[in-house]
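Here are the chains, one letter per residue:
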Amino acid sequence: MALTEQALKLYNDAEQSVLGALIADAPMNAADVFRQVRSEDFLNGERRYIFDTCRAMFARNDQIDPYTVRAACGTEYIELVKDLCGMMMTPSNCAAYVRQLRDCSIRYRLDALLHETRSHIAYAAPLPEVAALVERMQTVLASGSEDRGSDMNALLLDYFSQMDERPKFLDWGFPSVTQALETELNLGQYVILSAEPSAGKTAFALSVAVALARQARVTFYTLETDKRRLMQRIMARTALVDLGHIKARRFTAPELEAQARAKAKLLNLPFRIVHASGCTAEQIAADVKATRTDVAIIDYLQLIEPSDPRADEYTTITHSTKTLQQLTRSGRVVLALSQLNRSGDLRGSGQILQDADAVLHIGEPPQDKLKTPEHFKAYAADHLRAIKIAKNRDGSRRTLPFWFEGRYQRFVEQWDGFDEAQVVQMEDEPYKQTKIETA
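Residues numbered from 1 in each chain as written. Predicted model: local features only at pLDDT ≥ 70, side-chain atom pairs only at ≥ 80, totals over all residues. Heavy atoms only, no water.

A. Structural detail: the nonpolar core. Among the nonpolar cores identified, the biggest contains 49 residues, and Trp172, Val177, Phe204, Ile297, Leu335 and Leu360 are the most heavily contacted of them. Among the elements that make up this core, the one with the highest residue count is helix H10 (residues 201-212) (8 residues). In contact with valine 177, not counting residues within four places along its chain, are Trp172, Phe204, Leu360, Leu400, Phe402 and Glu413. Core analysis: the second largest hydrophobic core is formed by 30 residues, Ala14, Ala26, Val37 and Tyr97 among them. (Core = buried A, V, L, I, M, F, W, Y, C linked by side-chain atoms within 4.5 Å. Buried < 20%, exposed > 50% of the residue type's maximum accessible area, 1.4 Å probe, protein only. Helix = DSSP H or I, 4+ residues; strand = E, 2+ residues; numbered from the N terminus. Contact = heavy atoms within 4.5 Å.)

B. Representation of the state of the cysteines in the model. Within this structure, the stated rule accounts for 0 disulfides. This cysteine, cysteine 54, is not joined by any disulfide, and cysteine 73 carries the nearest cysteine sulfur, 6.0 Å off. (Disulfide = S-S within 2.5 Å.)

C. Examining the packing of aromatic side chains more closely. Within this structure, the stated rule accounts for 11 aromatic pairs. Each ring, one from phenylalanine 34 and one from phenylalanine 58, has its centre 5.1 Å from the other, and the planes form 40°; the classification is tilted. Here the residue phenylalanine 34 occupies a position in helix H2 (residues 26-36), and phenylalanine 58 occupies one in helix H3 (residues 45-59), the gap between them amounting to 24 residues. Relative to phenylalanine 402, the ring of phenylalanine 174 lies with its centre 5.3 Å away and its plane at 80°, an arrangement referred to as edge-to-face. Separated by 228 residues along the polypeptide, phenylalanine 174 in the loop between helix H8 (152-161) and helix H9 (175-181) and phenylalanine 402 in strand E8 (residues 398-405) bring together distant segments of the chain. With a relative accessible area of 5%, phenylalanine 174 lands in the buried category. By way of ring pairs, the aromatic residues Phe174, Phe204, Phe402, Phe404 and Phe411 are connected into one cluster. Here lysine 201 stacks its cationic end above the ring of tyrosine 300, 5.9 Å away from the centre of that ring. (Phe/Tyr/Trp six-rings, centres within 6.5 Å; stacked < 30°, edge-to-face > 60°. Lys NZ or Arg CZ within 6 Å of the ring centre and 35° of its normal.)

In structure tokens:
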């Protein structure tokens, strides 16, 4: 890197001061050092090794002092550890040394990204790649923010100051889903929607997208389906016109009138469709922020391009889901569609389930839950769906019954007309059946 000699000296001094203060007075400084400093903050490989050794000792509750660190690092590090402890520094000033090291580390990473960005601009790289680098610079800057912790008095003051405020919840377009997820506007939520092929997950996501666009700015990132085909599905759902007729461009007079009325409903909604094939998670995140999108819908997670072409599927999906989850920290809602593997689990990485605030799965209801001839007839016609809320960080898990009309790309709650509709409540084992409560 093209760091100045003075900048390198400051960086070098900060590394030495942090390690020296840590080893000289670990009981006072270790917890704060390991909370704020990372291994990659060290440019010098030998000092990075000493830091990693001390961190491992701290994790094992081993004593950290000049003797134990020399013994743990090995004979080749005896003189270096000795020099660190003999520095003219004050262990009680460790917090200041840590701030200096973090500042040097952030400036170094920003300098590297700045050079890479200039290179991309000079060689006419695609603008989404440039935007992704800018997004990474913003992430680096954010990592240097001061601790935002609050003590109990501040927490109580904030809590009671908001008691008279009525929260604004997003309407997902289906009362049972809205009630289950309780998505408060501007607080952020990461939701995963999974299903087997042809179960209707894209149709459900589009219905949700249009409903949410009546309350917030929505962007639908499609990595597989053409934008025109998605618009055809939206029109079929909104106008209740057969999707086959729309694809063939053959309409009756009532169907033409229905589409004109649908156009009036959809016109001027803050809703975008972005063809994101070939985009990385960072590029999608950059577009979300640049366009001030409130709700981002990604169809689908496993098709996001890897940031590192050498990464395997597990690493790529893990990175993608963590990047999308981080978007919610700024109050945005992210709905990511996901494939399933052969065993019915989320495909690619267990990190998806860990990151998600809620996980919804669209499937067919179990046949033993069908009670009437109408149920069995609808089941045979592939009209019945069950949306299982398998994870819900802020609410209960449950299974919601739906009716699906493929020709209209339309989901309807509780399959209209079935007065004996049942829902499985999953809070207790074994599963207990109760009638669904409508909102």
